[in-house]
Structures are given as structure tokens and as C-alpha cells.
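Structure assessment
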Amino acid sequence: MQPQYRYTQFHLISAEELQEQRHLQPFKQRLKKLTQNAVTWIRAQLFQSSDIQVWHTSTANGTPVWNAQDPKTQRAIYGVSEADIRRWIEQSHRT
């Protein structure tokens, strides 16, 4: 039985193209985060509830961060650790 080979076609890119791709990466990450936040906001508007809404996202380097919003008070917190989000929720229930 002969081994099967897969070939991929490559092409060279200029330094300018490489630089442009590097500049686009942060934009794509910001766009993704903006889209996630927009979807969350739309969900909140469509399915309004008085419950605190909690969700997690990741930073550009993959670190998980937590977000929450309280529809009753219109308060929100974004990009914090799990411990911080727990404290925020507990504080929200006390007030």
C-alpha cells in the first residue's frame, strides 16, 4: 500500500500584506467582542427578565472573563474574574 500525500499550494506574500493582516487581527477580535455584546443586549431586550443575566467571554489571549447585567437597576459589570462577578451578584442582592 502506497502512502497518500496531500499537497497544499502556497504563495508568498509581501511584507505589506503581512503587516495588513496583523493590523486586521485586533480589529477582528474587537468586532467579535462587539458582536457578542450586541447579541447579549438584543437577547436581554427580547426576553426581558428581572433576573441578573450572567455570561462569560474570553480575552484576546483566551483568558475567560465574566460579565453581568441587572435589568432592574440597569447596572452592569464586564470583563471581571469569577470571584469578582460573585461579589457583584451578592452585593446586588443585598441592595
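In short, a report on the structure. Computed from a predicted model, the values in this text were never measured in an experiment. (Residues numbered from 1 in each chain as written. Predicted model: local features only at pLDDT ≥ 70, side-chain atom pairs only at ≥ 80, totals over all residues. Heavy atoms only, no water.)

What follows concerns the overall build of the protein chain. Helix and strand counts for the protein chain come out as 2 helices and 3 strands. Helices and strands appear in the protein chain in the N-to-C order α-β-β-β-α. Relative to its 95 residues, the protein chain shows a buried fraction of 16%. Sequence separation of at least 24 residues holds for 11% of the intrachain contacts in the protein chain that already meet a minimum separation of 6. By element, 55% of the accessible surface of the protein chain is carried by carbon and sulfur atoms, the whole surface being about 8600 Å². (Helix = DSSP H or I, 4+ residues; strand = E, 2+ residues; numbered from the N terminus. Buried < 20%, exposed > 50% of the residue type's maximum accessible area, 1.4 Å probe, protein only. Contact = heavy atoms within 4.5 Å. Areas by Shrake-Rupley, 256 points an atom, 1.4 Å probe, with all protein chains shown as cover.)

Another aspect to go through is the pattern of salt bridges. Applying the stated criterion across every chain yields a total of 2 salt bridges. Between glutamate 82 and arginine 86 there is a salt bridge, with its nearest N and O atoms 2.8 Å apart. Highlighted residues: glutamate 82 and arginine 86, both in helix α2 (residues 82–94), separated by 4 residues, approximately one helical turn. Overall, glutamate 82 belongs to the partly exposed group, its relative accessible area being 40%. Taking the shortest distance from any N to any O, the salt bridge between arginine 87 and aspartate 84 comes out at 2.2 Å. With arginine 87 and aspartate 84 both in helix α2, this residue pair falls 3 residues apart, about one helical turn. (Salt bridge = Lys/Arg side-chain N within 4 Å of Asp/Glu carboxyl O.)

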